[in-house]
Amino acid sequence: MTSRMRPLLSAGLALGIGMGSFVDGILFHQILQFHNMLSARIPNTDYVGAKVNMVWDGFFHAGVWTITAIGILLLWRAGRTAGADMSGRLLCGASLMGWGLFNLIEGVIDHHLLQLHHVYEPAGLSIWDYLFLMWGALMLFGGMAICWRARRFGQGSVAIRP
Amino acid sequence: MGRPFVYALRRKLATSHFRRDWRVRAGLASALAGIGAGPAFACTLCPSAQAISIRARLFGPDLWANLAAVSLPLLLLLAIIARIAREPRGPEGSS
């Protein structure tokens, strides 16, 4: 990694983590309702359990909202950093890396180590949790490959301090 | 938006017709709001009987453990972002 890639790489990572977390929260927690934040500890099959899980989902969303806001600030800062690589390829690769990183870290800690919830809660720890990790690893390595190509082949757009 | 606009607004607000109209509208709106909010009890965490059970479960002895567990991956991810965003001390080429 070169120092001129660092500003956009960190911004893309934060945005990818934020967007990936929102996909998890909105798709799996709310639309499909496969699991909630603490659904392996507090079953969400009755009214009280569902409401308590809803509160913890809220804390999770508050956290990922903060990470997304940090990503926007880092992106703004990258745009003002003289000489920073501002290529779209680097931003896409970094965002993909961030999403993959989220799946891997959240998957390992919450699904496997702490057993807070599982991807498909009725099945417990199942093949879906391993597929979730594999999906994360694929995105992480795919993102790394895109960033590597951005470094190797393209100079990209360079931010110029006004 | 200059002074002429402010003067025109003051004149408009001072007319008796507008004042009467404004009071009627405010009365209707508050009556409608009162009727709508009364039986709904939309905030189930505020006054309902189930709220006691929910609060008891939420603020149980495992509150801090749950909070730590929910925060842990997010803090780890934040640390990774901070590690990459931070400029290394001293001159750096490619690493």
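For the structure, see preceding data.
The structure contained in this document is the topic of the report that follows. Here the residue numbering is sequential within each chain, running from 1 through the sequence in written order. To read the labels, note that chains go from A and ligands from 1, taken in the order they are written. Owing to the predicted nature of the model, reporting of local features is limited to residues with pLDDT of at least 70; listing and counting of side-chain atom pairs is limited to 80 or more, with chain, interface and lining totals taken over all residues. The side-chain values count all of the structure's non-hydrogen atoms but skip hydrogen atoms and water molecules.

Of the regular secondary structure elements, chain B holds four helices and zero strands. Comment: elements are numbered from the N terminus, with helices defined as DSSP H or I runs of at least four residues and strands as E runs of at least two. Traced from its N-terminal end to its C-terminal end, chain B shows the element sequence α-α-α-α. Burial classification: accessible surface area is computed with a 1.4 Å probe over protein chains only, and a residue below 20% of its type maximum counts as buried, one above 50% as exposed, and the rest as partly exposed. The buried share among the 95 residues of chain B stands at 17%.

A separate point is the environment of A:Gln30. All names here are of chain A. Within the secondary structure, Gln 30 is located in helix 1 (residues 6-31). A relative accessible area of 44% places Gln 30 in the partly exposed class. A contact between two residues is defined here by any heavy atoms of the two lying within 4.5 Å. Residue contacts for Gln 30: discarding those within four places in its chain leaves Gly 25 and His 61.

Moving on, we come to the pattern of salt bridges. The working definition used for a salt bridge is a side-chain nitrogen of Lys or Arg within 4 Å of a carboxyl oxygen of Asp or Glu. For the structure on display, the rule yields two salt bridges over all chains. Among the ionic pairs, A:Arg4 bridges to A:Asp85, the shortest N-O distance being 4.0 Å. Of this pair, A:Arg4 sits in the segment before helix 1 while A:Asp85 sits in the loop between helix 2 (47-79) and helix 3 (88-113), and the two are 81 residues apart along the sequence. For A:Arg4, a relative accessible area of 27% corresponds to the partly exposed category. Residue A:Asp85 is classed as buried on the basis of its relative accessible area, which comes to 1%. For the salt bridge of B:Arg57 with B:Asp62, the shortest nitrogen-to-oxygen distance reads 3.4 Å.

Take the nonpolar core next. In these notes, a set of buried Ala, Val, Leu, Ile, Met, Phe, Trp, Tyr and Cys residues joined through side-chain atoms within 4.5 Å is what counts as a nonpolar core. Grouped together as the largest cluster of nonpolar side chains are 39 residues, with contacts concentrated most on A:Leu9, A:Trp56 and A:Leu90. For this core, the secondary structure elements donating two or more residues are helix 1, helix 2, helix 3 and helix 4 (127-153) of chain A together with helix 3 (49-58) and helix 4 (63-85) of chain B. Those residues in contact with A:Trp56 that lie beyond four places of it in its chain are A:Met37, A:Leu38, B:Leu58, B:Leu63, B:Asn66, B:Leu67 and B:Val70.

Time to look at helix 3 of chain A. Residues and elements named next belong to chain A. The span one expects for a helix is its residue count, reduced by one, times 1.5 Å. With 26 residues, helix 3 should reach 38 Å at 1.5 Å per residue; the first-to-last C-alpha distance of 36 Å fits that figure. To get the bend at a residue, fit one axis to the 7 residues ending there and another to the 7 starting there, then take the angle between the axes. At Gly 107, helix 3 is deflected by roughly 35 degrees, the largest bend along its length. A positive phi of about 50 degrees marks Gln 115, the residue just after helix 3.

This paragraph deals with helix 4 of chain B. Residues and elements named next belong to chain B. In this model, helix 4 (23 residues) spans 32 Å end to end at C-alpha, consistent with the 33 Å of a helix rising 1.5 Å per residue. Most pronounced at Leu 72, the bend in helix 4 amounts to some 35 degrees, and the proline Pro 73 follows within four residues. Of the residues making up helix 4, those classed as buried are Leu 63, Asn 66, Ala 69, Val 70, Pro 73, Leu 74, Leu 77, Ile 81, Ile 84 and Ala 85.

Let us look at unusual backbone geometry. Residue and element names in this part refer to chain A. One non-glycine residue with positive phi stands out, namely Gln 33, at about 55 degrees. In this fold, Gln 33 is placed in the loop between helix 1 and helix 2. Given the relative accessible area of 57%, Gln 33 is considered exposed. The backbone phi angle of Gln 115 is positive, close to 50 degrees, even though this residue is not glycine. Within the secondary structure, Gln 115 is located in the loop between helix 3 and helix 4.

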